[in-house]
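# Observations on the three-dimensional arrangement
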Amino acid sequence: MQEGSSMSRLLTAGVALGLALSAAGVAPARADSDEAFFRKVSGQWSGPGEIVAGKYKGTKFVCNFAGNQSRKSVGVALEGSCRVGLFSQPMRAEVVRAGSSYRGAFQDGAAGKGLDIVSGDVSGNRMIVGLDRKQLKGAMIARLDGDDQLAVTISVTVASQLVPVIGMSLKREGGSRQSALTD
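Let me sum up the structure you'll find in this document.

Cut-offs applied
Residues numbered from 1 in each chain as written. Predicted model: local features only at pLDDT ≥ 70, side-chain atom pairs only at ≥ 80, totals over all residues. Heavy atoms only, no water. Salt bridge = Lys/Arg side-chain N within 4 Å of Asp/Glu carboxyl O. Helix = DSSP H or I, 4+ residues; strand = E, 2+ residues; numbered from the N terminus. Disulfide = S-S within 2.5 Å. Buried < 20%, exposed > 50% of the residue type's maximum accessible area, 1.4 Å probe, protein only.

## Digging into the pattern of salt bridges
Summed over the entire model, instances satisfying the criterion amount to five salt bridges. With a shortest N-O distance of 3.2 Å, Glu50 and Lys60 are connected by a salt bridge. Taken together, the residues span a long stretch of sequence, with Glu50 in strand E1 (residues 43–51) and Lys60 in strand E2 (residues 60–69) at a distance of ten residues. One continuous salt-bridge network, built from bridges that share partners, spans Glu79, Arg92 and Glu94.

Next comes the structure, spelled out in structure tokens:
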């Protein structure tokens with residue numbers, strides 16, 4: 001089951017990059033806008049994704065996540081799973097403020113089978129983070145489109161260039177809907 005294990009690691013890395021949240025060197029004035037972004041990310045999310053480069057190019061998957069604002073500090077915890085065919089992989093990420101920066105890990109961090117969150121920036125409805133796991137260096141861009149759409153692009157560094165490898169389009173479950181009923 002080597003191929004399944006590799007696929008699981010690739011999905012783990014991709015979702016980690018897609019969901020890990022951090023911001024390095026955040027000034028207090030930015031803390032409120034960062035907290036607003038994390039508040040908007042809280043809730044139930046689901047949607048499709050696809051591996052767009054590499055050995056598993058064309059592989060499609062579906063993810064479901066619950067995001068909760070951190071009670072400890074400015075940040076968020078996301079928990080759920082991603083499914084490829086019959087196989088499902090549990091996913092967990094948490095990021096909280098640590099001094100003037102953010103620290104976080106996906107799954108059990110780079111010391112285990114996950115990833116460390118090493119840098120990042122939150123600006124309005126967009127977050128860019130850098131991730132690290134041994135020789136794997138990468139970046140993720142997450143962009144909120146309104147309150148109910150979250151587009152995620154994950155890239156890895158290959159020969160000093162960022163190459164997109166995973167894309168996801170998540171929708172908020174139970175998002176803001178208007179009833180067709182009238183008084």
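The structure having been displayed, the exposition proceeds.
## Examining the state of the cysteines
Covalent bonding between the sulfur atoms of two cysteines is what defines a disulfide. On inspection of all chains with the given rule, the structure shows one disulfide. Sulfur-sulfur distance for the disulfide between Cys63 and Cys82 comes to 2.0 Å. Residues Cys63 and Cys82 are joined through a disulfide that is right-handed, its torsion about the S-S bond being 105°. A residue pair is termed long-range when its members are at least 10 positions apart, and Cys63 in strand E2 and Cys82 in strand E3 (residues 75–84) qualify at 19 residues. With relative accessibility at 1%, the residue Cys82 sits in the buried group.

Keep in mind these numbers describe shape, not what the thing actually does.
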